[in-house]
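The primary structure of each chain is shown beneath.
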Amino acid sequence: MKRLAVYATYNPKGVVDEYIIYMAESLKKVADDIYIVSNHTYLDGEKEKLEAASRIYERADKGYDAGGYAHVIRLLEKENKLAGYDELILLNDSIFGPFYPLEDIFYEMERNTKIDFWAVTRRGRSDFDGGDSVYPEHLQIYFYVVRNKMLHSREFIDYWNGIEDRITDFRSAILNYEFEFTSYFESLGYCWDSYCKCTGYITDDPQFNLSPYHYSTYRLIKEERCPFLKRKLFTGEFVDKKYSDTQDLKNAVRYIDECTDYDIDMIWGHVLEGYQIADVIKAMHLSEIMDNGPGENESRSTDYETPDIEVYDRYGTFPPLKERCGHDSEFFLYLDLDKDIQPFALWESYYRNLYQNLCCQEEYVGNLLSLFGKEKRLGVIVPPFHIYGRISKSIEQKWMDSGVFEKLRYKYRLSVPCSVGRAPIHTIRGFVCRKQILPDGFIEDLKRDRSGTVMQMLPLFAQQKGYYTKIVVNRDYFASYADNLFSVLGTVWQAFAGCSEGDLDIDGMKDHMYRARLKSYIEKLKHVYVYGAGVLGYRIVRLIENDVDIAGILVNDIHGNPDKVAGYKVQSFHSFKEKDAGIIVAAGRKNNRDITKVLEERGFTNYILVE
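Figured I'd write up the structure that's included with this text. (Residues numbered from 1 in each chain as written. Predicted model: local features only at pLDDT ≥ 70, side-chain atom pairs only at ≥ 80, totals over all residues. Heavy atoms only, no water.)

Attention now goes to a negative patch on the surface. On the surface, Glu18, Asp257, Glu258 and Asp263 cluster together into a patch of negative charge. By the secondary structure assignment, glutamate 18 is in helix 1 (residues 18-27). A residue is classified by how much of its surface remains accessible, and glutamate 18, at 51% relative accessible area, is exposed. (Patch = residues over 30% accessible without salt bridge, like charges linked within 9 Å, V, L, I, M, F, W, Y side chains within 5 Å. Areas by Shrake-Rupley, 256 points an atom, 1.4 Å probe, with all protein chains shown as cover. Salt bridge = Lys/Arg side-chain N within 4 Å of Asp/Glu carboxyl O. Lys, Arg positive; Asp, Glu negative; His and termini not counted. Charge placed at Lys NZ, Arg CZ, Asp CG, Glu CD. Helix = DSSP H or I, 4+ residues; strand = E, 2+ residues; numbered from the N terminus. Buried < 20%, exposed > 50% of the residue type's maximum accessible area, 1.4 Å probe, protein only.)

Right, let's get into unusual backbone geometry. The step from glycine 97 to proline 98 runs through a cis peptide bond, and the omega angle for that step is 0 degrees. Within the element layout of this structure, proline 98 appears in the loop between strand 5 (95-96) and helix 3 (102-110). The amide bond that connects glutamine 342 to the next residue, proline 343, takes the cis arrangement and shows omega of -5 degrees. If you trace the backbone, proline 343 turns up in the loop between strand 12 (331-335) and helix 12 (344-359). If you check the backbone angles, threonine 246 has positive phi at about 60 degrees while not being a glycine. Following the sequence through the fold, threonine 246 ends up in the loop between strand 9 (229-230) and helix 9 (248-259). Non-glycine residue alanine 566 carries a positive phi angle of around 55 degrees. Tracing the sequence through the fold places alanine 566 in the loop between strand 18 (564-565) and strand 19 (568-572).

If you roll a probe as big as a water molecule over the atoms, it shows you where there is empty space left. A complete count under the given rule lists two cavities of 30 Å³ or more for this structure. Quantified by volume, the largest cavity comes out at close to 110 Å³. Thr9, Tyr10, Asn11, Val15 and Ile20 are, among the 16 residues lining the largest cavity, the residues nearest its centre. Looking at the second largest cavity, its volume works out to about 30 Å³. For the lining of the second largest cavity, a count of residues per class yields eight nonpolar, two polar and one charged. (1 Å grid on protein atoms, 1.4 Å probe; cavity = no way out; pocket = protein on both sides within 12 Å on 5 of 7 lines; lining within 4 Å. Points joined across faces, edges and corners; volume = space filled by probe spheres on them. Nonpolar A, V, L, I, M, F, W, Y, C, P; charged D, E, K, R; others polar.)

The next subject is the packing of helix 20 (residues 506-522) against helix 21 (residues 535-544). Relative orientation of the contacting elements helix 20 and helix 21 amounts to 65 degrees, with a least axis distance of 10 Å. Judged by the sense of rotation from one axis to the other, the crossing of helix 20 with helix 21 is right-handed. Residues Asp507, Lys510, Asp511, Tyr514, Arg515, Leu518 and Ile522 of helix 20 touch helix 21, and the partners they reach there are Leu536, Arg539, Ile540, Leu543 and Ile544. (Axes fitted to C-alpha atoms, helices over the stretch in contact; angles between N-to-C directions. Left-handed = near helix turned anticlockwise from the far one by under 90°. Contact = heavy atoms within 4.5 Å.)

Next up on the list: the sheet that holds strand 11 (residues 310-313). As summarised here, the arrangement of the six strands in space is 10-15-13-14-12-11, forming an open sheet in which the pairing is mixed. Only two strands of the sheet have a single neighbouring strand rather than two, namely strand 10 (287-290) and strand 11. Going across the sheet, the axis of each strand differs from the next one's by a mean of 20 degrees, ignoring polarity. Note: strand 13 (residues 378-382) against strand 14 (residues 430-434), two bridges, orientation antiparallel. Looking at strand 14, one finds that valine 380 is bridged to cysteine 433. (Pairing = 2+ DSSP bridges.)

Of all five residues in strand 14, five are buried; the element is thus mostly enclosed. Burial along strand 14 is two-sided: Gly430, Val432 and Arg434 facing one way and Phe431 and Cys433 facing the other are all buried. Pairing analysis gives five bridges linking strand 12 to strand 14, with the strands arranged antiparallel. When the bridges of strand 14 are listed, phenylalanine 331 appears paired with arginine 434.

Another point: the pattern of salt bridges. Within this structure, the stated rule accounts for 35 salt bridges. The salt bridge partner of arginine 450 is aspartate 338, with a shortest N-O separation of 4.0 Å. One end of the pair, arginine 450, is in the loop between helix 16 (442-448) and helix 17 (453-456); the other, aspartate 338, is in the loop between strand 12 and helix 12, and 112 residues separate them in sequence. By relative accessible area, which is 19% here, aspartate 338 ends up buried. For the salt bridge of glutamate 375 with lysine 470, the shortest nitrogen-to-oxygen distance reads 2.6 Å. In this pair, glutamate 375 is assigned in the loop between helix 13 (362-374) and strand 13 and lysine 470 in strand 15 (residues 468-474), connecting sequence segments 95 residues apart. There is no split in this pair, since glutamate 375 and lysine 470 are both buried. Each member of the salt-bridge network shares a partner with another, and the members are Arg3, Glu87, Glu110 and Arg147.

Before going further, it helps to examine the side chain of aspartate 248. Secondary-structure assignment places aspartate 248 in helix 9. It turns out aspartate 248 is buried and unbridged, and the closest side chain with the opposite charge, arginine 219, is 7.4 Å from it. At 2.6 Å, the side chain of aspartate 248 forms a polar contact with the backbone nitrogen of threonine 217. Each residue touching aspartate 248, except ones within four places of it in the same chain, is listed here: His214, Tyr215, Ser216, Thr217, Tyr218 and Arg219. (Polar contact = N/O pair within 3.5 Å; in protein donor to acceptor, adjacent residues only side chain to side chain.)

Our next topic: the packing of helix 12 against helix 13. Relative orientation of the contacting elements helix 12 and helix 13 amounts to 65 degrees, with a least axis distance of 7 Å. Viewed along their axes, helix 12 and helix 13 adopt a mutual orientation that is roughly perpendicular. Two secondary-structure elements touch here, helix 12 through Gln356, Asn357, Leu358 and Cys359 and helix 13 through Tyr364, Val365 and Leu368. Residues belonging to the contact of helix 12 with helix 13 are distributed by class as follows: five nonpolar, two polar and no charged. (Parallel < 35°, antiparallel > 145°, perpendicular 65-115°, else oblique.)

Moving on: the pairing of strand 12. Burial analysis of strand 12 places five of its five residues in the buried class, the great majority of the element. Of the two faces of strand 12, the one carrying Phe331, Leu333 and Leu335 and the one carrying Phe332 and Tyr334 are both buried. Note that strand 11 and strand 12 share four bridges and pair parallel. Within strand 12, the position partnered with aspartate 313 by the bridge is leucine 335.

Here's what the structure looks like:
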C-alpha cells in the first residue's frame, strides 16, 4: 500500500505554524510521500521547517484548498506519477491535530473493504441556509481519503479540471465542492463512509441535521476518537445559540489538553496570532469564578506569603494591600476610580466591582496570581461587565473613543487582528496583568486617557505577546451580578419586543429586533434589495416581504448561489446599477466591512446593515 498525502495550506503572512509542522510529521506515519501546496508564497527560511514534505508547491490563492488539490493532481497526472499510488489523502490546514495516532484511524477504515472514499465526519441532509434548498448527506472533506479504484478513474481526474472555475468565494466552495463531492461520486457508483458515525446528527429531518464538528466536537473527540479540531470554532460564528449552550469548544480544548499528548500551545499559538481576541474570549468562555480565600471569621494560614504584585491605585481610592517590594514583581494591579462620581450609590457600585473582583484581600489576590501560574497563556485578568451607569457601548462592545484606539493602534504597531468597529472587551476601570505585556509608554497613555479606551486595548497588547485575557468574578459577587445581568437583558428585550405572545427562541427574539430596526427604513421605500443569499438573507426576506416590495437578491458570486432565494431572483452586485435603490445588507458581520467598502466605492449610500 503506497499513499500520497496532499496537504493544502494558506497563511497570508507566509509563515509555517507549529501545528502545520506537527500535522506533516504525523502524516509520515501513514503516507509514503507528503506534498504540501501553499496558496501563498512562503517567506525566506519558512519552507525549511517542513522537513516532512517530499515536495512543496507555492501558488496563487485561487479555488481555496480544492484549487490547491487540483493543481497538484493535474501536475502528477501530467507527469504520470499519480498511477504510482494506491491511496490519496487530501487534507487542509483548517484542523488542529491529530490527537490520536493516524495509524489507528487508517487501520479501522481498512477493515471496510467495500468503500472507495472516506472522511472523518459526515453531515446529514440539511437545509443549511434555513431556506428552501436541501443539500445531500455528505462527507466533510477537510480530511478525506480516495482509494485505488476511484483514484485512477477518468472521472476523478476530470473532476479536478473544472473545479476552480466553480469556486470564487467561501460560499461557492461550500455549495459547489463540499456539498457536491460526495453525491457526485456516489452517483457514479462509488461507495463511501465516515470514520466517526456522528450519532444523533443524522436524522430524517434536514432542519435538524446540524454539522457535528460545529456542535459536538467534544463528544466526537472523546467518544468517537475524532483526531481533529476545526480552527474556525474559535471565531464563535458557526454555532447557532438557538441549539447550543456553546460549551462544546471549551470542553474539547480542555479534554485535548488534559487527556491527550497533543501540545495545546500549538492551538493557542495559532489562535492568538490570527483571530480577534473578542471572538476567542466568547467562543472559549474565558471567564472564571474565583474563591475569596478564608473569610473574615476564618483563620488565615500562618505560612501564607503576601502575593508579590505591584499596585497602582490612581486616586488612592482603595485600602492599600499589605506593603511589599512590588516594583520587581512580574504582575501589575491597576485601579482607576475617582471619588467624584455621583450619585454616591453609583460610585459604590463601581467600587465594589473593582474591590471584590480584583483586590478585596490578600488571599484573593493570591488566588488571582495562582491563575496565571496554572494558565501560562493567561496575560490579563479583568473584572466583569458593569450593569449600572452608562452601559450601551459595553453591551455593543464598542470603543469608548474609536479615535483614541486608531491613534494608539498605529503608535504601538499592533499587528494582531482588531477592528475600529469593535473593542475586545467591555469598559473596565482596573485590571491585573503580567508586566511583560505592557509596552513602553503604555502606563503614561493610560494615565492621560479619560475615555477608558486605552484600558479596553489591554487585551490586544496581551495578544500581541501571545496571551489571552480572562474575565474573573469573585464568588461572593456572582449571585447579584448574574441577577442584575438578567435584569439588563430583560430591559433590552422589552425595548425591542414590547408585548409578544408565546415563548421565543433566540431566532424569534432576533426577528423581533430585526423588524424593529428595519421598520422605519423600509416604510420610506417603494422597493428594496437584500444583499446576501445565506441564512441571514433568507430570514430577512421572510421578515419583510409582506411589508415592502423585494426587487431581488444581490450576491458577490452568482455561481456560488441558487437562482432564487424564497422565490426572489438572485443577481450579481457587480452588474447592479440602481444607485437610489434601498439595500439591506444581510451577509453576516464578518462580511459587512468588505461589502460596505464596495458599496461606498460605487456610490451606493442608501443601505442598512443587519447582523
